[in-house]
Amino acid sequence: MYLRKSGTWVLIFLVISPTIFCKSMSAPDPRWAAKKRRMSQKVRKMFYHAYDNYMTYAFPHDELKPLTKTHTDSLVELGNLKLERLPQEYNGSALTLIESLSRLVAEITLTLSLFFLLSLSLVIMGNNTEFERAVLWLSDYLTFDVDARINLFECNIRVLGGLVSAHILATDSTNRLVQGNYKNQLLILADDLGRRFLPAFDTPTGMPYAWINLKYGVMDNETTETSTSGCGSLILEMGALSRLTGDPRFESAALRALRKLWSMRSSLNLLGTTLDVETGEWLEFSSGIGAGVDSFYEYLIKAHILFGKDEFWRMFQSAYLGVQKYFRHGPWYHEADMRTGQATYWQLTSLQAFWPGLQVLVGDITAANSSHREFFSVWERFGVLPERYLLDRQMLHPTEKYYPLRPELAESTFYLYHATKDPWFLEVGESIVDSLNLYTKVEGGFASIRDVTTMQLEDHQHSFFLAETCKYLFLLFDDSFLVDGNYIFTTEGHPLPVLSTWHERLPEAYIPSNWTFVKSEQAAKRTSAMSMQVCPATTLKYGHGIEQQVQSACHITDIRDDHRCLVDEDCGVDAISCRRRSCSMAGYCGLWLSI
């Protein structure tokens, strides 16, 4: 959101269908066309360097170890910080690109093929032949009837999401990616996997256990602790599976869990990070927008887009305003106690870098741009984005100095460029690409960084490097995949189409030009694409003299209730005009500066 002067003040709102681009959003300026072509080819080379090495040294195991040119099997370890109850016979979970389960003919244990995860990125990069080969391979060799205890959240976003997305791409009549040999095998596999998830939801609260055995269901004495993300980030994949199969159980289970989780919010509309699925009690009250809760916010807004339920928007709107009020400090987001709103941990985490991209989805461009620039400043300082940075002490966390090739900054850069057409974001993308090639590229692929102060490498190429990091960087420079297609991307980067048949009511914002107008006697005001919420705050008049005050999503409160300040960062954004407040010489926040 931003103001522009043209005779009188006119409020212009950039409204983007989240992750939806009905036509190519590439900048028409020919000065940048050559750079975008060059950079897209550079990212393509990165992708295939990682992919070819995976196929050579790790397939069909989970992930590549690029320094030793070997493999690691990690699906059963995801979310398992203490590495407890690991299966002895498990031979792999190749997570690196579209994340689906697979099994070789000669093996009797589960392998989660990175090959499948890669196949979705292959489509985006135009390699339909390799995509078809991956789909048919999985159709022949994949099984979920294995004795493996897996994390429900991780398996949902990586495996189920990959299967559902690949099935949709494989059956897309406009692309014809698989020629005649595809008989819905991936959907059958997804349905089988979804059924194996369902016993996890058999709890007193309806919120699922974090862990489930794919063969035997919930194990005896299973832990009852889970995360907010683990309960609130299932609706996209399981909802899509219900729409594709006609079986409502998957969506119903995910929706019941989400509703129960939302009912546990505090009076400030904040949620904690960990809870007990049997008692429905919070175990950790400190929360933020990072690990343990990040995808909860992401899935609320994207579920509204994908399924058209106003319920999801109402949840997101309340949650978003709570975040802006209690977690935000200038361009940064600290953590706070869900009960009081008091700050607990002043730290930046790399997972928080997805937030500017989410803000683009609701048209809060000013806030998105501000936060993104701060994240990138930390990237520039260290060469990559460290896992944890202590804001109050302006130093790295002493034990979490690593960078595991995470995609979040690239993801937000992709969203912001397509929202603003500001070529500065292309420069950011180029800097990210150059850093990855300089610091993490090795002969056997791309390695994580163990310590950003020394750039010491770690022998691990995470699956999301191919599934998300390379994908978002490629789409930043080449968005041809998005031409004539409306998609959202799941938290693991899997594209799902926005279909009118999946909506209870397709919002006007999606047809045909992504703009919605509210007419008044004075002028037309553009409103958020996410709802009929008017920005800035205003009074909507209905029949019979009924009025409703609608608060702007751009509103950010001042740091102090008495509006005293030391610097501009102590001031928020005005709820009425959406203008940034500043600190006066007398030390009070207000609209002192003219724009």
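See the structure above.
This text gives an overview of the structure that appears in the document. These numbers were taken from a predicted model, which means no experiment stands behind them.

**Focus: the environment of Val277**
So, step 1. Following the sequence through the fold, Val277 ends up in the loop between strand E11 (274-276) and strand E12 (282-284).
So, step 2. Note: C-alpha distance between Val277 and Met207 (70 residues apart in sequence) is 5.5 Å.

**Some thoughts on the sheet that holds strand E19 (residues 395-396)**
So, step 1. A sheet is described by the order of its strands in space; here three strands give the open sequence E17-E18-E19, paired in antiparallel fashion. With partners counted over all chains shown, the strands left at the sheet margins are strand E17 (347-349) and E19, one partner each.
So, step 2. In this fold helix H12 (residues 365-382) packs onto E17, strand E18 (388-390) and E19, with an angle of close to 80° to the strand it touches most, E17.

**A look at the packing of helix H4 (residues 152-170) against helix H5 (residues 185-197)**
So, step 1. The contact between H4 and H5 brings their axes to 8 Å, and the two run at 155°. By the angle between their directions, the pair H4 and H5 is classed as roughly antiparallel. The element H4 and its partner H5 pack so that their crossing is left-handed. Note on element contacts: H5 touches H4 through Leu186, Leu187, Leu189, Ala190, Leu193 and Phe197, opposite Leu152, Cys155, Asn156, Val159, Leu160, Leu163, Val164, Ala166 and His167.

**Concerning the state of the cysteines**
So, step 1. By the definition in use, this model includes two disulfides.
So, step 2. Disulfide pairing places Cys571 opposite Cys589 at an S-S distance of 2.1 Å. An S-S torsion of about -85° defines the bridge between Cys571 and Cys589 as left-handed. You can see Cys571 sitting in the loop between strand E29 (547-550) and strand E30 (582-583) and its partner Cys589 sitting in strand E31 (residues 589-590), a full 18 residues away along the chain. Each member of the pair, Cys571 together with Cys589, is buried.

**As for the nonpolar core**
So, step 1. Judged by nonpolar contacts, the single largest core of 145 residues is most densely connected at Leu163, Leu193, Phe296, Tyr297, Phe327, Trp355 and Phe465.
So, step 2. In terms of residue count, H4 provides more of this core than any other element does, twelve residues in total.

**Some thoughts on the pattern of salt bridges**
So, step 1. Within the structure shown, the criterion is met by 20 salt bridges.
So, step 2. Here Asp192 ties to Arg196 by a salt bridge, and the two come within 3.2 Å at their closest N and O atoms. Highlighted residues: Asp192 and Arg196, both in helix H5, separated by four residues, approximately one helical turn.
So, step 3. For Asp192, a relative accessible area of 26% corresponds to the partly exposed category.

Procedures and definitions
- Residues numbered from 1 in each chain as written.
- Predicted model: local features only at pLDDT ≥ 70, side-chain atom pairs only at ≥ 80, totals over all residues.
- Heavy atoms only, no water.
- Helix = DSSP H or I, 4+ residues; strand = E, 2+ residues; numbered from the N terminus.
- Pairing = 2+ DSSP bridges.
- Contact = heavy atoms within 4.5 Å.
- Axes fitted to C-alpha atoms, helices over the stretch in contact; angles between N-to-C directions.
- Parallel < 35°, antiparallel > 145°, perpendicular 65-115°, else oblique.
- Left-handed = near helix turned anticlockwise from the far one by under 90°.
- Disulfide = S-S within 2.5 Å.
- Buried < 20%, exposed > 50% of the residue type's maximum accessible area, 1.4 Å probe, protein only.
- Core = buried A, V, L, I, M, F, W, Y, C linked by side-chain atoms within 4.5 Å.
- Salt bridge = Lys/Arg side-chain N within 4 Å of Asp/Glu carboxyl O.

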